[in-house]
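# Analysis of the macromolecular model
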Amino acid sequence: MSLSLENDCPECGADEFYKAASTRLHLGVKKKWHCPNCDYGFVTINGIDTSA
């Protein structure tokens, strides 16, 4: 299980996110990711990014 995710932050341009939380739902595994440099965060469910 990975604790970091390589992705570009749209707010500050950082290239890595850290997992803040994870829980299992009836839809699958929900993970909250946060940028260490700013307050931007997003959620994935079964690896699908839910930010739009």
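Report follows, based on the coordinates. Just so you know, these numbers come straight off a predicted model, no measurement behind them.

## What to know about the sheet that holds strand E5 (residues 48-49)
- Read across the open sheet, the five strands follow the order E1-E2-E3-E4-E5; overall the sheet is antiparallel. The open sheet has two edge strands, strand E1 (4-6) and E5, and neither has a second partner.

## Observations concerning the packing of aromatic side chains
- For the coordinates displayed, the defined rule picks out three aromatic pairs.
- Measuring from centroid to centroid gives 6.5 Å for Tyr40 and Phe42, while their planes differ by 40°, and the two rings are tilted.
- Here a set of aromatic residues connected by ring pairs shows up, and it is made of Phe17, Tyr40 and Phe42.

## Re the nonpolar core
- Judged by nonpolar contacts, Cys9, Ala14, Phe17, Trp33, Cys35 and Phe42 together constitute the single largest core of six residues.
- Here Cys35 is in contact with Cys9, Cys12, Ala14, Glu16, Phe17 and Tyr40, once residues within four sequence places are set aside.

## Things to note about the side chain of Thr44
- Relative to the helices and strands, Thr44 resides in strand E4 (residues 41-45).
- On the accessibility criterion, Thr44 (8% relative accessible area) is buried.
- Engagement of the side chain of Thr44 in a polar contact is seen with the side chain of Trp33, the distance being 3.2 Å.

## Details of the environment of Ser22
- The residue Ser22 is located in strand E2 (residues 16-25) in this model.
- Remark: the alpha-carbon pair of Ser22 and Val43, spanning 21 residues in sequence, is separated by 9.6 Å.

## Focus: the environment of Lys30
- Within the element layout of this structure, Lys30 appears in strand E3 (residues 28-34).
- Here the alpha-carbon distance between Lys30 and Ala20, two residues ten residues apart in the chain, equals 11 Å.

## Quick look at the pairing of E2
- In this sheet, E2 lies alongside E1 in antiparallel orientation, the contact comprising three bridges. Of the residues in E2, the one forming a bridge with Leu5 is Phe17.
- In this structure, E2 lies alongside E3, joined through seven bridges in antiparallel fashion. Bridged to Arg24 within E3 is Val29.

Rules behind the numbers
- Residues numbered from 1 in each chain as written.
- Predicted model: local features only at pLDDT ≥ 70, side-chain atom pairs only at ≥ 80, totals over all residues.
- Heavy atoms only, no water.
- Pairing = 2+ DSSP bridges.
- Helix = DSSP H or I, 4+ residues; strand = E, 2+ residues; numbered from the N terminus.
- Phe/Tyr/Trp six-rings, centres within 6.5 Å; stacked < 30°, edge-to-face > 60°.
- Core = buried A, V, L, I, M, F, W, Y, C linked by side-chain atoms within 4.5 Å.
- Buried < 20%, exposed > 50% of the residue type's maximum accessible area, 1.4 Å probe, protein only.
- Contact = heavy atoms within 4.5 Å.
- Polar contact = N/O pair within 3.5 Å; in protein donor to acceptor, adjacent residues only side chain to side chain.

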